[in-house]
Structure formats: C-alpha cells, structure tokens
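Breakdown of the fold
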Amino acid sequence: MLLSLVVHIHSLRYWFPAAVMLGTAPAYLLSWGVWRLLSTVLPARLYHRVDDHIYTVYQSMVLFFFEHYTGVEIVIYGDIPKKKENVVYLSNHQSTADWIIADMLATRQNALGHVRYVLKDGLKWLPLYGWYFSQHGGIYVKRSAKFNEKIMRRKLLSQAELGTPMYLVIFPEGTRYNPEFKRVISDSQAFAAKEGLTVLKHILTPRMKASYVAIQSMKDHLDAVYDVTVAYEGTMTADGQRRTAPSMPEFLCKECPRVHIYFERVDMREIPPEPGFFRRWLHERFEVKDKLMTTFYESDEPGKKCRFPGEGRVSPLSLTKTLPSLLVLSGFTLPMLLTEPGRKLYSYEDSMAVDWLGFGYAAAVAFGGFMGYKRKGSLASLIAGLFFGAMSAYGAYKVSADPHDIWTSLAASGALALVMGVRFKNSGKLMPAGIMAGLSLLMVVRLLIF
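Presented here is an overview of the structure given in this document. Nothing here was measured: the structure is a model prediction, and the numbers come from that model.

Describing the nonpolar core
Ranked by internal contacts, the top residues of the largest apolar core, which has 82 residues, are Tyr 167 and Val 259. Tallying contributions element by element places helix 3 (residues 44-69) first for this core, with eleven residues. Val 259 has contacts with Val 72, Glu 73, Ile 74, Val 75, Ile 101, Val 230, Ala 231, Tyr 232 and Phe 251, leaving out every residue within four places of it along the chain. Core analysis: the next-biggest nonpolar cluster, separate from the first, contains 37 residues, Leu 90, Ala 210, Ala 214 and Met 293 among them.

So this is what it looks like as structure tokens:
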C-alpha cells in the first residue's frame, strides 16, 4: 500500500507539469491561430516576427517546468555569444529531452523564438503541433534514400530571403543513441568501418545530408555553426556502465540532477563547401564529441569522470524569463475554464449536443493504430487502435446522447493514459506514446471536470 502511494506521488511529479503544458495549449494555439489568420494579408516577414514572440511565450513556460520546477543544474563549458546569431545547431542525440536543451541554450541568448527544428517526417502527424512546427519554420525530412533535398533547400532559401532569424536545430545521428539498442550501435559502427571512417563508441555515425543542405542553403544568411555536446548526469550504473539518458517524463520527475553542455562556436569560413570534405569535417566533429563522452563515462581519474574537460560554469536561468509566460498562459486559460463559451473548447456540452472532441479523439486513436501498422507492420498496434478507437467513438456517441454518461469514454481514455504513459516513461518516445498519453490524460480530466 505504501509502495503504491509512493509510486503514484512520484508519477504526479510528471503528470502535473504535463497537464499544465497540454492544458494551456488550446489557449496558445487559439491566440496563434488568430494571428495566423490576420497575417495572411500582411508581409510574411511580419508574420514570422510576431510568431517568434508568440512561440517564445509558450516555450518559456515549458522551460519553467524543465528548469525551475525540476531544479536541474545546467553546467556549460565554453562561451556562449551574448548577442543573437543566425546559426545551425549540431548536437549529439540521446533523449527526447535534447530538444529542450536546445531551448535552454537559445533562451540564454534571448533567441528562443528563433528556434526551428529539422524533424523526422513521422512527427508531422502530431495533432496540431505537427502542423504548427512547420508553420514556425520547422522542416520534416525522410531518412536515407527517401530524403528530399529539393523540398528542404527550397524552404530554407525562402526563409533566408525573408531574413528570418534562424536557430536551426539538427541531430545528425538521425536517431537517439541508447546503450540498450546494441543492434543500432553495431550497425552504425559497421557503416563507419565500411566507409573508412573512425568508429565511434558513445556517439552514432553522423549523417551529413540534412546538415549539408542546411548550411549550404543558408551560407550567406548564417553567422556560425554551434557544435554542442550534451551529457546527462546520473546516467551511470553502480558498476560504472552507461545507461539510457532520461526521457522527458523522467526529466520532469527530477531524475537528472545536472546537465553538462560542451559548447563550441564554429565560424562559417571553417566549414568546407564540397560534399566530400564536409562529410569528413562533420565526422571529425563527432569524433571530438565521442572523446568528450568517453572521458565523461570512462575516465580513470575521479575528478574527470562525469564532467567534460575544461572549466564548467553553472548557468542559472532567471525566473523572470519563464514565470511571466506561465502566468500569461494561465491567465488566458483560466477565463476559458471559468466561462461558458471557453469551456466549450474543452467540453462536450455544446449547442449541438455532439461530443466533437470525443469523436476527434477516437479518430486520433484509430489513426495512430493504423500508422503504427503502416510504418512498422505492427498488427498489435492496428488491433489496439481500432478497438480503443471504436470504444472511444461509442463513448462519444453515448456522451452526445447523455452528457452524464461518461463511463465508456472514461474507461477508454483512462486505460490509454495509463498504458501509453507507462510506454512513454520507459521508451521516452514522444510519438506515439507521449502524445497519446497526453491526449488521453486531457480526455480524462475533461470528462471528470466538465
């Protein structure tokens, strides 16, 4: 009984900030949607300028939870420029929290609104966010032979021509390094050996296409490349072995006491323009990262273990950079929850007595199962998606007939919130586990409160 209570309290450390971040999303997206509609008759440059400010508000609230709520220490090795720059940010990749680390560095330059991501193509199906990231300047790319250079180059060139401030985040490894995924690591090492490249131990072999296209497309617009290496403290077992980096839920559960960030600014003149030389240059940068990570995890000297070489400085973030955004978004959200028109965005009791949100949730569940089957051939995902989608649709039908008959919908969303929440905690994968867990949790809260 006591153990169960401890487990539930521990999980609340994640669910509370997750509920706030997802719960304020409708107010945020509504505000952005109004601006997007108005900006259709305005210059694109003006749209991006205001959009960057709106984006800063929401991401600052996110950083409130990931920095101030968790109390994590950020230790930076190297000097971050004080002024804003147009840059491509290249980093090693080991956790979903890596996206937040990029925000942490950007906000210390007052460039948080300029952050745009190169994302794998499957993330464009994220409800609302997938489309929004594209509107904010993010780029979706497919891997290997399916990579479409023309689309990426065209979008980057258009943004450079508009003079759009750029803090483009790229993880050249293409997927996360996880010490438990032995096959992924061995395949990466075998590829490096085959190509005559140095075999890396704590980093995956980088892929050059997205980085090369980004840098060459915007070479006249960029000031520098930021070469960033990230290590999470608390990721070693008792016998000194490296373990999986914390996922977003684990990070929010305060399981990472300290993040070490090795920062190096590379001037554009140092980057070779020819593809062959660029590939070698990029791999050499990742060789340096691998040496840094090897020192961090394997140094025989106690004073050098779990830290990077050189002087590391703790970089606290002022509460004035995050708390106002939390208060602003809460101020927008509370009136929506306290007034009848606002509650209709969350509630199923609208004038037409149709639970549109419930049916939309059911469609998202079914679609998620179908995508799992299409992308990975998972029959289990298809069956589960169709089952819970049908159950949720039936629940929405019952709620439409009687707003108090919530039990079928509650059972479906509650079960998915639990199952997908556990999967997200274990895997750290935002898609589909994290998104579906968040949507399901919102459905549970909506059904119980509204």
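Brief notes about the pairing of strand 3 (residues 115-120)
Most of strand 3 is tucked away: five of the six residues are buried. By the bridge criterion, three bridges tie strand 3 to strand 5 (residues 167-170) in an arrangement that is parallel. Along strand 5, the bridge assignment pairs Tyr 117 with Val 169. In terms of strand pairing, strand 3 meets strand 4 (residues 139-141) through three bridges, oriented parallel. Following the sheet pairing, Lys 120 is matched in strand 4 by Val 141.

Topic: the packing of aromatic side chains
Taken as a whole, this structure holds 27 aromatic pairs when the rule is applied. The interplanar angle of 45° and the centroid separation of 5.7 Å between the aromatic rings of Phe 66 and Phe 251 together place this pair among those described as tilted. Here Phe 66, found in helix 3, pairs with Phe 251, found in helix 9 (residues 248-252); they are 185 residues apart in sequence, far enough to count as distant. Per residue, the accessibility class of Phe 66 equals that of Phe 251, and both read buried. Relative to Tyr 167, the ring of Tyr 89 has its centre 5.9 Å away and its plane inclined at 35°; by these criteria the two rings are tilted. With Tyr 89 in strand 2 (residues 87-91) and Tyr 167 in strand 5, the pair connects residues that are 78 residues apart, well separated along the chain. In this pair, the class of Tyr 89 matches that of Tyr 167, namely buried. Each member of the aromatic cluster is reached from another via a ring pair, and the members are Tyr 28, Trp 32, Tyr 55, Tyr 58, Trp 99, Tyr 117, Trp 131, Tyr 132, Phe 133 and Phe 171. Taking NZ or CZ as reference, Arg 36 lies 4.1 Å from the ring centre of Tyr 47, over its face. For Lys 254, the ring lying beneath its charged end belongs to Tyr 69, and the centroid distance is 4.8 Å.

Section: unusual backbone geometry
Positive phi is not limited to glycine here, since Asn 110 has a value of about 60°. Residue position: Asn 110 is located in the loop between helix 4 (98-107) and strand 3. Not every positive phi belongs to a glycine, and Lys 254 is a case in point at roughly 65°. Since its relative accessible area comes to 38%, Lys 254 is described here as partly exposed.

Digging into the pattern of salt bridges
Across all of its chains, the model carries 17 salt bridges by this definition. Of the charged contacts, one joins Arg 258 and Glu 73 as a salt bridge, the two residues approaching to 2.8 Å between their closest N and O atoms. Taken together, the positions of Arg 258 in strand 7 (residues 258-267) and Glu 73 in strand 1 (residues 73-77) put the pair 185 residues apart, joining distant regions of the chain. Taking relative accessible area as the criterion, Arg 258 reaches 24% and is therefore assigned partly exposed. Of the charged contacts, one joins Asp 405 and Lys 398 as a salt bridge, the two residues approaching to 3.6 Å between their closest N and O atoms. A relative accessible area of 21% places Lys 398 in the partly exposed class. Several salt bridges share partner residues, and in doing so they unite Glu 85, Arg 265, Asp 267 and Arg 269 into one network.

Topic: the sheet that holds strand 3
Strand order in this open sheet of eight strands is 4-3-5-2-6-7-1-8, and the pairing throughout is mixed. The open sheet has two edge strands with one neighbour each: strand 4 and strand 8 (312-314). Geometrically, the sheet is characterised by an average inter-axis angle of 25° between neighbouring strands, direction not taken into account. Sitting on the sheet, helix 8 (residues 209-217) touches strand 2, strand 3, strand 5 and strand 6 (224-232), and the angle it makes with strand 5 is about 165°. Its contacts with the sheet put helix 10 (residues 275-298) on strand 2, strand 6 and strand 7, and the angle it makes with strand 6 is roughly 25°.

Remarks on helix 6 (residues 149-162)
When the terminal C-alpha atoms of helix 6 are compared, their 20 Å separation across 14 residues agrees well with the 20 Å that a helix rising 1.5 Å per residue should span. Among all positions of helix 6, only Met 152, Leu 156, Gln 159 and Ala 160 are buried. Buried residues of helix 6 fall within an arc of 100° about the axis and therefore sit on the same side. Of the residues in helix 6, the exposed ones pointing more than 90 degrees away from the buried face are Lys 150, Arg 154 and Glu 161. The inward-facing, buried residues of helix 6 contact strand 3, strand 4, strand 5 and helix 8. Between the side-chain oxygen at the start of helix 6 and the backbone nitrogen of Lys 150 there is a gap of 3.2 Å, and the oxygen is on Asn 148. Where helix 6 ends, the next residue or the one after it, Gly 163, has phi of about 75°, a positive value.

Rules used throughout
- Residues numbered from 1 in each chain as written.
- Predicted model: local features only at pLDDT ≥ 70, side-chain atom pairs only at ≥ 80, totals over all residues.
- Heavy atoms only, no water.
- Core = buried A, V, L, I, M, F, W, Y, C linked by side-chain atoms within 4.5 Å.
- Buried < 20%, exposed > 50% of the residue type's maximum accessible area, 1.4 Å probe, protein only.
- Helix = DSSP H or I, 4+ residues; strand = E, 2+ residues; numbered from the N terminus.
- Contact = heavy atoms within 4.5 Å.
- Pairing = 2+ DSSP bridges.
- Phe/Tyr/Trp six-rings, centres within 6.5 Å; stacked < 30°, edge-to-face > 60°.
- Lys NZ or Arg CZ within 6 Å of the ring centre and 35° of its normal.
- Salt bridge = Lys/Arg side-chain N within 4 Å of Asp/Glu carboxyl O.
- Axes fitted to C-alpha atoms, helices over the stretch in contact; angles between N-to-C directions.
- Expected span 1.5 Å × (residues − 1).
- Arc of directions from axis to C-beta.
- Polar contact = N/O pair within 3.5 Å; in protein donor to acceptor, adjacent residues only side chain to side chain.

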